Each structure stands twice: as C-alpha cells, then as structure tokens.
Amino acid sequence: MGDREPVKARVIGEIGAVAAADWDACAGVRHQDEARGIPYNPFISHTFLSILEKSGSVSAKAGWMPQHIVVEDDAGGVAACMPCYVKSHSHGEYVFDWGWADAFERAGGSYYPKLQVAVPFTPVPGRRLLVRPDLDARHFGAVLAEAAEQLVRRYGMSSVHITFLSKPEWDLLGSRGFLQRTGQQFHWNNAGYVDFEAFLSALAARKRKQIRRERRDAQAGDITIKWLTGKEVTEAHWDAFFAFYLDTGSRKWGRPYLNRRFFSLLGETMAVDVLLIFAYRAGRPIAGALNMIGSDALYGRYWGAIEEHPFLHFELCYYQAIEFAIAHRLARVEAGAQGPHKLARGYLPQTIYSAHWIADPGLRRAVARFLHEERAHVAFEQRLLAEQAPFRKDGALDRPEET
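Reading guide: rules and limits
- Residues numbered from 1 in each chain as written.
- Predicted model: local features only at pLDDT ≥ 70, side-chain atom pairs only at ≥ 80, totals over all residues.
- Heavy atoms only, no water.
- Helix = DSSP H or I, 4+ residues; strand = E, 2+ residues; numbered from the N terminus.
- Buried < 20%, exposed > 50% of the residue type's maximum accessible area, 1.4 Å probe, protein only.
- Contact = heavy atoms within 4.5 Å.
- Areas by Shrake-Rupley, 256 points an atom, 1.4 Å probe, with all protein chains shown as cover.
- Lys, Arg positive; Asp, Glu negative; His and termini not counted.
- Charge placed at Lys NZ, Arg CZ, Asp CG, Glu CD.
- Pairing = 2+ DSSP bridges.
- Axes fitted to C-alpha atoms, helices over the stretch in contact; angles between N-to-C directions.
- Polar contact = N/O pair within 3.5 Å; in protein donor to acceptor, adjacent residues only side chain to side chain.
- Expected span 1.5 Å × (residues − 1).
- Core = buried A, V, L, I, M, F, W, Y, C linked by side-chain atoms within 4.5 Å.
- Salt bridge = Lys/Arg side-chain N within 4 Å of Asp/Glu carboxyl O.

> How should the overall build of the protein be read in this particular structure?
When you go through the protein residue by residue, the secondary structure sums to 11 helices and 15 strands. C-alpha atoms of the protein, sized along the principal axes, occupy 65 × 50 × 45 Å. In the protein, which comprises 403 residues, the proportion classed as buried is 55%. Restricting to contacts in the protein with at least 6 residues of sequence separation, those with at least 24 account for 76%. Here the protein has roughly 17,300 Å² of accessible surface; of this, 53% comes from carbon and sulfur atoms. Across the protein, the centroid of the 49 positively charged side chains sits 3 Å from that of the 47 negatively charged ones.

Below, the structure is given as structure tokens:
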C-alpha cells in the first residue's frame, strides 16, 4: 500500500476509543515480522496503555489526563497515533523538568498544564510517533508533532515533552525546532553468550570474582530463586509482588504510582509478556522483580523485598535478568532509569533521548542554553564511564577460573 495523505488528526480521551488492532498496527504487535521494522515493545501496545487507564493508575485525577492523538488517512483508517497526556505535575516521568517549571512560575508564567508524550511511569526507550509501517514515518511523524503543537496552543498549555523516544524521532523533531535533550541509562548487551559463565569470561578477572561473590552471598541462607511467566503467574504471586512494590515505592517516591488492580489486569491480559523473578526463603516469597519481555529485549521495571539480604537486589534485577536473556536469546536487558552501579555488573551506558517544544520564547531560550550544556556533560560522562567498563581490554575470552 502506498502513502496516503492524512485527512485529519483527532484527540481521544481514552485509549479504548481507538480499536486495538488499529493502534497496534502502528505500534507493533507480538511476533511482528521484524522485516517490517517494528520489534515488539510491550509498553506502547494498546493493551498496556489500556491497563494503565482501566486500573485508574492513569487518569485526570492522578494528573495524567489521556489526550491521545490519532491521525487518519483519506480512507478513514488509522495512519499514525501517539500516547499523550495532559499533566498537572511532573511526577512519574524520569526526565526531570522541575527546575524549568520553578523558573517559569517565579517569572510569572504557568508551566502546568503541559502535554506529555510518554508511557506513564515507564522510563523505557522506544518509538513515540507511531506510524503504520507501510507509510512514510517522517511525513506522518511530522503530522503528529504538528498536531501536538496545535493541541498545546488551543488549550493554552506551556509545552510538549516527548520522552524516551527513538533516535530517528529525536532527529526528526530537532529538524522541526524541538529542543533536544539527552540522558543515559545502563543496558546489558548480549554478545551471543551461550551461558552466564561465557558472559563472565568476557570480564576482567577482578570483576568476575566480584560478581561470583555477590551471587553466592545473595543466595546464601536457604534462598531459592524462580522464574515465573505466562500461566505460572497467579493472583497469589501478584499479592506478594504488590507488597514488595509498596515497600520500595513508599521509600523511593512517597507513594507508589500503580495500584493493585493494575497488576491483576497485567496478569490477565499480558501474562505472556511478564517475567516475575521471585526469591524464596523457607518456601516463603521474600523479594521479587517484575520484567516485561519484548521481541528483542528484557525490560526490568520494579523490584522490592520484605527482608534484607546482601546483594539480593543485584541478583534478582541484574544477574537473573542476564541469565534469562541468554537463555531466550534476547539482544539486551534494559534495567531501568539511573544507576551507575550497574556498570560493574556488565551494563553499559546508553544515550536516551527526549524532545521539547516550549511556547514561551523566553523560557525556550533559557532551556535551550541549559540543554546545550547538558548534552555536552552527558557525552563527557559517557566517555568516562565507557573507560571504566568491566570487560577485558584485549577483547579476548578466557576459561573461567576456579573460585
């Protein structure tokens, strides 16, 4: 099918107002033919976004009012779409603009509401300008961007923020005058390892010994670890995991973003995409990590524990994730936001991207200056971190030594 000019862009107040098949034709679906260029990312699927809304985790009351943009072609079909939310705060975004908001408010402006193009509470890179693969991605991406700008102007919002987008989308938006921002995460990349020991053999000897010691200590004291996915995951598992999640959430953020119903709906509708890694002591679950499975990546999301054990966090969130990715031939593990401590565990710095359109000229100029300096700082820090990577400098593999 060739390109067709869009008839209109419309705004929908809930993801259910567009058919799942139409949305997913743009976002990509599980087991999509990779030759079409759309690897499966579960977070931009219609199902995942629906779970957020149906559970009430995302709503106008929560400060995330859905205002998704849908572009139709001349036959009335969905050509492109974009997950959008009107925000009354900056919680749950992981690309921080609190300083921008504070400066604008002190100057007499109103930073909120703003338009956020994102997957709520999910710092996972991926496409945000979702275009059907048989159409011109740049053309329809530009249509989506223009529609977002018009929405902001129409309702007097301060800005558009498109976070954790892909590099091609970042380049496209930069060419349209969006301000460009970079940051970093730490991802583990699978170099075709046959098992965890093969991965360890690629590391410097001191790092190998450190990881073996951490794994040994984490599983001491009669602790056992189990992977759970698909039909293996029950409501009892979600009850246990929610207790872990509440503990971590209350300590980190003051209040967790997701409610208990979210996890039940996730299990009901996306169990095949879920990997729970549980730690048990004396048959009782004491800690767990929730991951989502894409077609080429494992995405680490949440972790929590009701007992403290040395290095158990590293074991469940990093080392078990690596083992799963190797066993299932996934290309990488994305372990979430922040965390330079991940470097010593084989997770390397990766650039992440966001793009920002700001209506007020004065604020725009100030943010542009800040981002120019920030991009240079991010690039410099990444170069320094790359020099500290734990891998053998000669690139050779050797036999794992006895410990």
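> Please explain the sheet that holds strand β10 (residues 223-229) as it appears in this structure.
Within a sheet, each strand pairs with its neighbour through backbone hydrogen bonds, oriented either parallel or antiparallel. Judged by pairing direction, the sheet is mixed, and its 11 strands sit side by side in the order β2-β5-β6-β8-β15-β9-β14-β13-β12-β11-β10 without closing on themselves. Only two strands of the sheet have a single neighbouring strand rather than two, namely β2 (64-66) and β10. Averaged over all pairs of adjacent strands, the angle between their axes in this sheet comes to 30 degrees, without regard to strand direction. Both strand β13 (residues 297-305) and strand β14 (residues 332-337) contribute to a ladder of 3 bridges, which runs parallel. Each residue of the ladder has a partner; that of A297, found in β14, is R332. Here helix α11 (residues 361-387) sits on the sheet and contacts β9 (179-189) and β15 (348-358); the angle it forms with β9, its principal contact strand, is near 25 degrees.

> I would appreciate a short explanation of the pairing of strand β4 (residues 78-82) in the present structure.
For a regular strand, the rule is simple: side chains alternate between the two faces of the sheet. Among the 5 residues in β4, 5 count as buried, and that is most of the element. Note that strand β3 (residues 68-73) and β4 share 4 bridges and pair antiparallel. Across the sheet, the residue bridging to V70 is C81, located in β4. With antiparallel pairing between neighbouring strands as the criterion, β3 and β4 make up a hairpin whose turn holds 4 residues, including G76 at a positive phi of roughly 85 degrees. Pairing analysis gives 2 bridges linking β4 to strand β7 (residues 130-131), with the strands arranged antiparallel. The residue of β7 that forms the bridge with A80 is V131.

> What is the right way to read unusual backbone geometry from this model?
A negative phi angle characterises most non-glycine residues, just as the trans form characterises most peptide bonds. Of note, the bond from Y112 into P113 is cis; its omega dihedral lies within 30 degrees of zero at 5 degrees. Within the secondary structure layout, P113 lies in the loop between α3 (98-106) and β6 (114-117). Positioned with a positive phi, F164 is a non-glycine residue whose angle comes to about 60 degrees. On the basis of relative accessible area, F164 is assigned to the buried category, the value being 3%. Although it is not a glycine, F311 adopts a positive phi angle of roughly 65 degrees. Relative to the assigned elements, F311 resides in the loop between β13 and α10 (312-327). Owing to a relative accessible area of 30%, F311 belongs among the partly exposed residues under this scheme.

> Whenever I open this one, the environment of S50 confuses me. Can you help?
Looking at the element boundaries, S50 is found in helix α2 (residues 46-54). At 2.7 Å, the side chain of S50 forms a polar contact with the backbone oxygen of H46.

> Would you explain helix α7 (residues 205-218) in this entry?
An α-helical segment advances 3.6 residues per turn. Residues three or four places apart therefore align on the same side. Taking 1.5 Å of rise per residue, 14 residues should cover 20 Å, and α7 covers 20 Å from first to last C-alpha, within 8% of that figure. Taken as a whole, α7 has its buried residues at K207, R208, Q210, I211, R212, E214, R215 and A218. Where α7 is buried, its residues touch α6 (196-201), β10 and α10.

> It is not clear to me how the nonpolar core should be interpreted in this structure. Could you clarify?
Note on soluble globular proteins: their nonpolar side chains tend to be buried together. By size, the foremost hydrophobic cluster in this structure holds 47 residues, and its most contacted members are W238, F241, F263, L266, L276 and L290. Within the residue set of this core, elements represented by two or more residues are α1 (20-27), α2, β4, α8 (235-252), α9 (260-270), β11 (274-281), β12 (284-293) and β13. Of all the elements, α8 adds the most residues to this core, at 6 residues. Excluding residues within four positions of it along the chain, W238 makes contact with V233, R260, F263, L266, G267, V274, L276 and L290. A198, C317, A325 and I326 belong to the second largest nonpolar core, which has 40 residues in total.

> Would you mind showing me how to read the pattern of salt bridges here?
For side chains bearing opposite charge, pairing can occur when the charged atoms are close. Considering all chains together, one arrives at 22 salt bridges under this definition. In this structure, R332 and D296 form a salt bridge, with 3.3 Å as the shortest nitrogen-oxygen distance. Taken together, the residues R332 in strand β14 and D296 in the loop between β12 and β13 connect sequence positions 36 residues apart. E334 is the salt-bridge partner of R332, the closest N and O atoms lying 2.7 Å from each other. For E334, a relative accessible area of 5% puts it in the buried group. Shared partners join several salt bridges into a network, and the residues in it are K87, E93, D97 and K114.

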